[in-house]
Structure formats: structure tokens, C-alpha cells
Amino acid sequence: MNLLKLKALLSSAILFFITQDAVANDLKQTKENFSAEVVKKYSYHYLKYLPKNYDGKTKFPLLLFLHGAGERGNNLEKVAVHGPPKLIKQGRQFPFIVISPQCPKESRWDPNALNAMLDQIIESHAVDESRIYCTGLSMGGFGTWALGGSHPNRFAAFAPICGGGVDRTAFDSFEMAKKPVWVFHGDADSVVPLEESKRMVRALKRRGGKPKFTIYKGVNHDSWTETYNNPKLYEWFLSHKK
């Protein structure tokens, strides 16, 4: 037997034993299944504003305000540095129940946790469930988009400010595109680029939505002060119901 034939036989023998060993190992594997219910606990402290004539019987609209990253923590006073809670602190009256939760430090807004919080608030307050609105700035703008993507039917309208989101995952249900959405952003924003809001607006339009889009010329990240100081925003909210 020449050397070439010997090498070929050795190679065949090695391949045979490797194959048999792989089959043997495969036979040692069994098909199993795993199933479990994972429960995660969330906790939010929040500021609550009740309209002047709230009596616990007459149902009122509810406005959910989501702050930005700088207001996270465990000091609720920080929540009142911007937006509706700031205006309320200054004496402004609103025809809404205003709920302003505080996101824990190093966390992001979780839409499922916020939705569960709203369940509890609705259960214990006189809330007109056909007129629940959501707005937020910066990180809260992202949270507003996330809530609209995951729980669109809870709300009558949305107003995300200098936020953004993930087009594919945020709009799988297509339902947010059916809702009134008013988007705000500054064209000089150096923190969250204007393109973030543009991309989300395009996503809504591709799904048949007709969002309003206000772009502030020459405005950096603070596109919320002018927005929340504008009475037309609150009139727009109240003009919509489910």
C-alpha cells in the first residue's frame, strides 16, 4: 500500500470516529422547556395637582408630565423646575389633574410602569378616561414616544418635546399614528438633534398619521419653556378626546 492510500484510509477512519462521536454526543442532549412569570417592582413618587373645583365626583381630564434626565432622583422639588409643575408652583391654574412623577436616579421612563401608575391613579380619582394626555421634555419626550408606542389607546393626545424614539419598535401597533400628536423641537438642539423628532414624525406619516410639528428657529435644547408657556398647547389637548 503506498503512502497516498494510507493517508486516505487514515483520514476516512478519523472522520468516521469524529462523526460517530458527534452522534453520540447529540444523543446525550434532551429537549427541555422553560417557562416562568417574571415580576418587576416599580416605584414612582409624584407631584399631584387637582383643579380648584375638583370635588372627587365630577370627572376631570388628566395630564401626565414626564421630566428630563436632570430631574431624576428622590427630591420632588426638582420635578417642578420645568413644565406644568413649574407653572403650578408659580400660581398657574389648570383644568386638568396634573400628575408629574419623578424617575429614579440612573433610570429611564418605563412605559409599563407609568401605565400601571395611571391605573392606580384612575382607580382612586375622578378621571375622565376619554381625556388623558401625555407630554414630556428631553428624556420625558422619549418617554412620551415610548408610551405612545406601547399604550396608545390609553391616551387622547401626545406632545413630545425635544425627544425621539425607535421607529420600528415604537410603532409596531400603528395605533399612535391614529392619535393627535404635536411635536416640538429646536433646530439648534445640541443635546437631542432635531433629526430625532423628524424621524419620528416621518414614522407617523408613513403609517397614515397627521402630526403637528413645531420647529423653533435658533433654539437649542430648551424648546419646552416656550411650549409650556403657550396656552394654545392646553387648548389643543382639551380639544381632543377618545
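Per chain, the residues get numbers from 1 upward, laid out in the order the sequence is written. Totals for whole chains, interfaces and linings use every residue, but because this is a predicted model, local features are given only for residues with pLDDT of at least 70 and side-chain atom pairs only at 80 or more, for both listing and counting. Hydrogens and water molecules were not included; the side-chain quantities draw on all heavy atoms of the structure.

What is the right way to look at the nonpolar core in this model?
Among buried residues, those of type Ala, Val, Leu, Ile, Met, Phe, Trp, Tyr and Cys that are joined through side-chain atoms within 4.5 Å constitute a nonpolar core. When a residue's accessible area, from a 1.4 Å probe over protein chains only, is under 20% of the maximum for its type it is buried; when over 50% it is exposed; and in between it is partly exposed. Core analysis: the largest hydrophobic core is formed by 32 residues, its most contacted members being Leu-62, Leu-64 and Phe-155. If you list the elements that add at least two residues to this core, you get strand 2 (60-66), strand 3 (97-102), helix 3 (111-124), strand 4 (127-137), helix 4 (139-150) and helix 6 (194-206). Secondary structure elements are taken from DSSP: a helix is a run of H or I of four residues or more, a strand is a run of E of two residues or more, and numbering for both begins at the N terminus. The element contributing the most residues to this core is helix 3, with six residues. Apart from residues no more than four positions distant in its own chain, Leu-64 is found in contact with Ile-99, Pro-101, Met-117, Leu-118, Tyr-133, Cys-134, Thr-135, Leu-147 and Phe-155. Counting residues in hydrophobic clusters, the runner-up holds 24 residues, among them Trp-182, Val-219, Trp-236 and Phe-237. The contact definition used throughout considers only heavy atoms, calling two residues in contact when any of these lie within 4.5 Å.

Can you help me understand the layout of surface pockets in this one?
One water molecule sets the probe size; rolling that probe over the atoms shows where empty space is left. Only protein atoms enter the calculation, which uses a 1 Å grid: trapped sets of points that fit a 1.4 Å probe without letting it out are cavities, open sets showing protein on both sides within 12 Å along at least five of seven lines are pockets, and any residue with an atom within 4 Å of a point is a lining residue. Grid points are joined across faces, edges and corners, and a volume is the space filled by probe spheres set on the points. Reported here for the largest pocket is a volume of approximately 200 Å³. Ranked by the residues each element gives to the lining of the largest pocket, the list is headed by helix 3, at four residues. Across the lining of the largest pocket, the residue classes break down as six nonpolar, two polar and no charged. Any residue that is not Ala, Val, Leu, Ile, Met, Phe, Trp, Tyr, Cys, Pro, Asp, Glu, Lys or Arg is counted as polar, Gly included; the first ten are nonpolar and the last four charged.

Sorry, what's going on with the pairing of strand 4 here?
Among the 11 residues in strand 4, nine count as buried, and that is most of the element. Any two strands with at least two DSSP-identified bridges between them are counted as paired. Across six bridges, the pairing between strand 2 and strand 4 is parallel. Paired with Phe-65 across the bridge in strand 4 is Thr-135. Of the crossover connections in this fold, the one passing from strand 4 over helix 4 to the parallel strand 5 (residues 157-161) is right-handed. The crossover handedness rule: strands pointing away from the viewer, path from first strand over the helix to second strand clockwise, crossover right-handed.

Which parts of the structure should I look at to understand the confidence of the model for the chain?
Any region with low pLDDT has predicted coordinates that should not be read closely. In this model, the chain carries a mean pLDDT of 89, and residues with pLDDT of at least 70 account for 86%. How sure the predictor is of each residue is captured by pLDDT, a score from 0 to 100. Contacts for the low-pLDDT stretch residues 2-10, under 50 throughout, to residues beyond four places or in other chains number two contacts. A low-confidence stretch, residues 13-19 stays under pLDDT 50, and its non-local contacts, those more than four residues away or across chains, total zero contacts.

What should I look at first to understand the environment of Trp-145 in this one?
Secondary-structure assignment places Trp-145 in helix 4. Taking C-alpha positions, Trp-145 is 8.8 Å from Ala-159, a pair spaced 14 residues apart along the chain.

Whenever I open this one, helix 8 (residues 231-238) confuses me. Can you help?
The α-helix winds at 3.6 residues per turn, so residues separated by three or four positions along the chain end up facing the same way. Along helix 8, the residues classified as buried are Leu-233, Tyr-234, Trp-236 and Phe-237. End-on, the buried residues of helix 8 take up no more than an arc of 155°, which puts them together on one face. More than 90 degrees from the buried face of helix 8, the exposed residues found are Lys-232 and Glu-235. As used in this structure description, the phrase polar contact means that two N or O atoms lie within 3.5 Å; if the pair is within protein, one of them must be able to donate a hydrogen and the other to accept it, and residues adjacent in sequence are counted only when both atoms belong to side chains. Here helix 8 starts with a cap whose side-chain oxygen sits 3.0 Å from the backbone nitrogen of Lys-232, and that cap is Asn-230. The arc in question is the one spanned by the directions pointing from the helix axis to the C-beta atoms.

What am I meant to see in the environment of Gly-186 here?
Its place among the elements puts Gly-186 in strand 6 (residues 182-186). Here Gly-186 falls in the buried class, since its relative accessible area comes to 0%. In the structure, Gly-186 is positioned 36 residues away from Asp-222 in sequence and 7.5 Å away in space, judged by C-alpha atoms. With residues near it in sequence (within four places) discarded, Gly-186 still touches Leu-194, Tyr-216, Val-219, Asn-220 and Ser-223.

Mind showing me how you'd approach helix 3 here?
By this rule the span expected of a helix is its residue count minus one, scaled by 1.5 Å. In this model helix 3 runs 20 Å from its N-terminal to its C-terminal C-alpha over 14 residues, within 8% of the 20 Å that 1.5 Å per residue would give. Close packing links the buried residues of helix 3 with strand 1 (45-49), strand 2, strand 3, strand 4 and helix 4. For helix 3, the capping residue at the N-terminal end is Asp-110, with a side-chain oxygen 3.0 Å from the backbone nitrogen of Asn-112.

Just checking my understanding: could you explain unusual backbone geometry for this structure?
For residues that are not glycine, phi is negative in most cases, and the peptide bond is trans in most cases. Positive phi, close to 65°, is recorded for Glu-106, a residue that is not glycine. The residue Cys-162 is not glycine, and still its phi comes out positive at about 40°. Note on placement: Cys-162 falls in the loop between strand 5 and helix 5 (167-170). With relative accessibility at 0%, the residue Cys-162 sits in the buried group.

How do you make sense of the pattern of salt bridges when you look at a structure like this?
Note on pairing: side chains with opposite charge can pair once their charged atoms come close. By definition, a salt bridge exists where a carboxyl oxygen of Asp or Glu is found within 4 Å of a side-chain nitrogen of Lys or Arg. Counted according to the given criterion, the structure contains six salt bridges. Residue Arg-131 is joined to Asp-128 by a salt bridge in which the shortest nitrogen-to-oxygen separation is 2.9 Å. Classification of Arg-131 as partly exposed rests on a relative accessible area of 21%.

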